[in-house]
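Examining the three-dimensional arrangement
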Amino acid sequence: MPPTLASLVHHSALKLTVRAGEDRLDVPVRWAHVSELADPVPYMEGGELLLITALKLDAEDPEAMRRYVRRLVGAGVVGLGFAVGVNYEEIPKALVDAAQEEGLPLLEVPRRTPFLAISKAVSAAIAADQYRAVTAGFAAQRELTKQALTSGPEGLLTALAGQVDGWAALYDASGAVVAAAPEWAGRRAARLTADVQRLRERPAPASSVVGGPDHEDRVELHSLGTGRRPRAALAVGTAAAPGTAERYAVHSAIALLTLTTERSRSLHAAEQRIGTAVLRMLLAGEPDHARAVAGDLYGALLDAPFRVIVAESASGAAARAHPDAHARVPVAAVKPGPGASVALAVAGTGGDPLGGLAETVESAAARSGEAVLVVPEGERLVVLAADGGAAVAACATYAAALEAARAVPEQAGADEYELVVGLSAPAGPIAAAAAYKQAEQALSVARRRGRVLVEHEQLAAGSVLPLLADDAVKAFADGLLRALHEHDATGRGDLVASLRAWLSRHGQWDAAAADLGVHRHTLRYRMRRVEEILGRSLDDPDVRMELWLALKATSTD
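Residues numbered from 1 in each chain as written. Predicted model: local features only at pLDDT ≥ 70, side-chain atom pairs only at ≥ 80, totals over all residues. Heavy atoms only, no water.

1. A word on the pattern of salt bridges
Applying the stated criterion across every chain yields a total of 24 salt bridges. Between Arg451 and Glu403 there is a salt bridge, with its nearest N and O atoms 4.0 Å apart. Separated by 48 residues along the polypeptide, Arg451 in the loop between helix H13 (432–449) and strand E15 (453–455) and Glu403 in helix H12 (residues 390–406) bring together distant segments of the chain. A relative accessible area of 32% places Arg451 in the partly exposed class. Residues joined by salt bridges that share partners form a network here, namely Arg307, Asp387, Glu455 and Glu457. (Salt bridge = Lys/Arg side-chain N within 4 Å of Asp/Glu carboxyl O. Helix = DSSP H or I, 4+ residues; strand = E, 2+ residues; numbered from the N terminus. Buried < 20%, exposed > 50% of the residue type's maximum accessible area, 1.4 Å probe, protein only.)

Dropping the structure here:
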């Protein structure tokens, strides 16, 4: 405890007497300051015990004393010490009355007690309090370190909650709560997910203070990790601002959890290298070797049907679609809205939706206790995840959130939510290469359709017509039909419309002629002209197919 006016009054060597403000002696004293200025307020910071002899004060003027005391109270002075036997034999009544009116504690300092003794007493008490805080901080650090080594993050959080007389929670990279102490704190911590995501948008290390609803508590949020993007976050809830000892405990917890996070990052990198080797073996058709390398780390993933996810960032997609174009660097700025709790992960990863997807599926898998294999490949990300598991569901939710954010034209950065994802059908280790091909095909369709995610199972259920929107297909169609359009432009017949009607009626002359309102012999003549102009036979089913697709492709403009 820092020194208070009460502790100074009870100091046997000082012999101080209370003359006013007896009910406010429990106020902490930050320092003892001597000033004979008529107006010392400009030199006050608040929390001081001001010591005076009234050398330059008209201490017997009631109005002057009221103004003097009122200014001291307004400046945050916590007490006034008046030395008697120097300029006044006793404290003037005007000053006593003014102090009582304003509620300012007034202490009588006997002549034999020098101001220096009071200053030393205050200084010694402050130093002793700081020493106790430092000692308590070191003790807390030892206890937190012990718990971190023996019980992991959960034990550390329990010890920290006890040290600060509050609660503590740990969040993963996606902003989900992974541990909390006491147990009831998990519900409170879950309400701060959006605040944690906003914290991740700031360069590490970062911290912020959040007030609870109806001021139920005071919560400090701290990012964890030494990299460009925070790997986790710590929340500490207390009834009031932490003191020095509690602050030592919080800083120790941050350091220990950061070390744990960085160690986990190294292990994660090693696991990722193993995952890369497993994936290559599966794609090379060596499932037995892959299973041997996977061991306990990924073995459970290969024992049940899994799905292959292939994701590509904006720059990768642009490079494949337009090889001569410069790749764009996406800068996401997700605003709160439907699905924002997931989509905010993009902003927290520096505008990198591919990195956000990796963190999302890994966090979901970790929370559900399922294995997931994540392999970055430049501008691509390959994921093997259990069919029907949390990782696949998290991927779909993440993609839906990006789709929704990208669909809002007025949202800043909405056009930069460029991520395309292909999802294979369920497969086993033997069919991993085929599943990878399915995911790539779905990815290609997603890119063409302007979608974030497409499942391979959706391709057969849909129509082939949207695929005709590809620029290369349209160019082929325009070239194939150009001669017919040029013929029709001269007014010598309507060959394009006639060809469309004839093909739509499967070569039935009477039905097609009726649709056109012409005689069937006229239609036969026009079809012969189509064959002559194109140099192709309409008896060839491949030619008919190409012409029909060309007509459908040009009709989508």
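Next comes the rest of the write-up.
2. Re the packing of aromatic side chains
Tallied over the full model, the rule gives 3 aromatic pairs. Each ring, one from Phe82 and one from Tyr88, has its centre 6.1 Å from the other, and the planes form 55°; the classification is tilted. Taking relative accessible area as the criterion, Phe82 reaches 0% and is therefore assigned buried. Relative to Trp509, the ring of Trp502 lies with its centre 5.4 Å away and its plane at 40°, an arrangement referred to as tilted. Look at Trp502 and you get buried, because its relative accessible area is 7%. Relative accessible area serves as the criterion here: at 22%, Trp509 is assigned to the partly exposed category. (Phe/Tyr/Trp six-rings, centres within 6.5 Å; stacked < 30°, edge-to-face > 60°.)

3. Examining unusual backbone geometry
The linkage connecting Ala181 with the following residue, Pro182, adopts the cis geometry, with an omega of -10°. Along the chain, the position of Pro182 falls in the loop between strand E7 (177–181) and helix H5 (185–190). Residues other than glycine seldom take positive phi values, yet Asp165 does so here, at roughly 55°. Within the fold, Asp165 resides in the loop between helix H4 (115–164) and strand E6 (167–171).

4. Observations regarding the sheet that holds strand E11 (residues 306–313)
Backbone-to-backbone hydrogen bonds join strands into a sheet, with any given pair of strands oriented parallel or antiparallel. Strands sit in the order E12-E13-E11-E14-E15 across an open sheet of 5 strands; the sheet is mixed. Only two strands of the sheet have a single partner each, and these edge strands are strand E12 (372–377) and E15. Neighbouring strand axes in the sheet, compared pairwise and without regard to direction, differ in orientation by 15° on average. The pairing of strand E14 (residues 419–423) with E15 spans 3 bridges and is parallel. Bridge assignment links Gly422 to a residue of E15, and that residue is Val454. (Pairing = 2+ DSSP bridges. Axes fitted to C-alpha atoms, helices over the stretch in contact; angles between N-to-C directions.)

5. A closer look at the packing of helix H17 (residues 509–516) against helix H18 (residues 520–534)
One way to put it is that H17 packs onto H18 with a least axis distance of 9 Å and a crossing angle of 100°. With respect to each other, H17 and H18 are oriented roughly perpendicular. Residue-level inspection shows Trp509, Asp510, Ala512, Ala513 and Leu516 of H17 in contact with H18, the latter providing Arg520, Leu523, Arg524, Arg526 and Met527. Of the residues in the contact of H17 with H18, the class split is 6 nonpolar, no polar and 4 charged. (Parallel < 35°, antiparallel > 145°, perpendicular 65-115°, else oblique. Contact = heavy atoms within 4.5 Å. Nonpolar A, V, L, I, M, F, W, Y, C, P; charged D, E, K, R; others polar.)

6. Regarding the side chain of Asp217
Examined against the element boundaries, Asp217 turns out to sit in the loop between strand E8 (207–211) and strand E9 (218–224). Within the structure, the side chain of Asp217 is placed 3.0 Å from the side chain of Arg188, a separation counted as a polar contact. (Polar contact = N/O pair within 3.5 Å; in protein donor to acceptor, adjacent residues only side chain to side chain.)

7. So, the sheet that holds strand E5 (residues 106–109)
Spatially, the 5 strands line up as an open sheet ordered E1-E5-E4-E3-E2, and their pairing is mixed. The outermost strands of the open sheet, each flanked by one partner alone, are strand E1 (17–20) and strand E2 (31–34). On average, each strand axis in the sheet is inclined to that of its neighbour by 30°, with strand direction left out of account. Examined bridge by bridge, E1 and E5 share 3 bridges and lie antiparallel to one another. Bridging across to E5, Ala20 finds its partner in Leu106. Packed on one face of the sheet, H4 meets E2, strand E3 (48–52), strand E4 (79–83) and E5 and runs near 160° to E2.

Geometry only, nothing functional implied.
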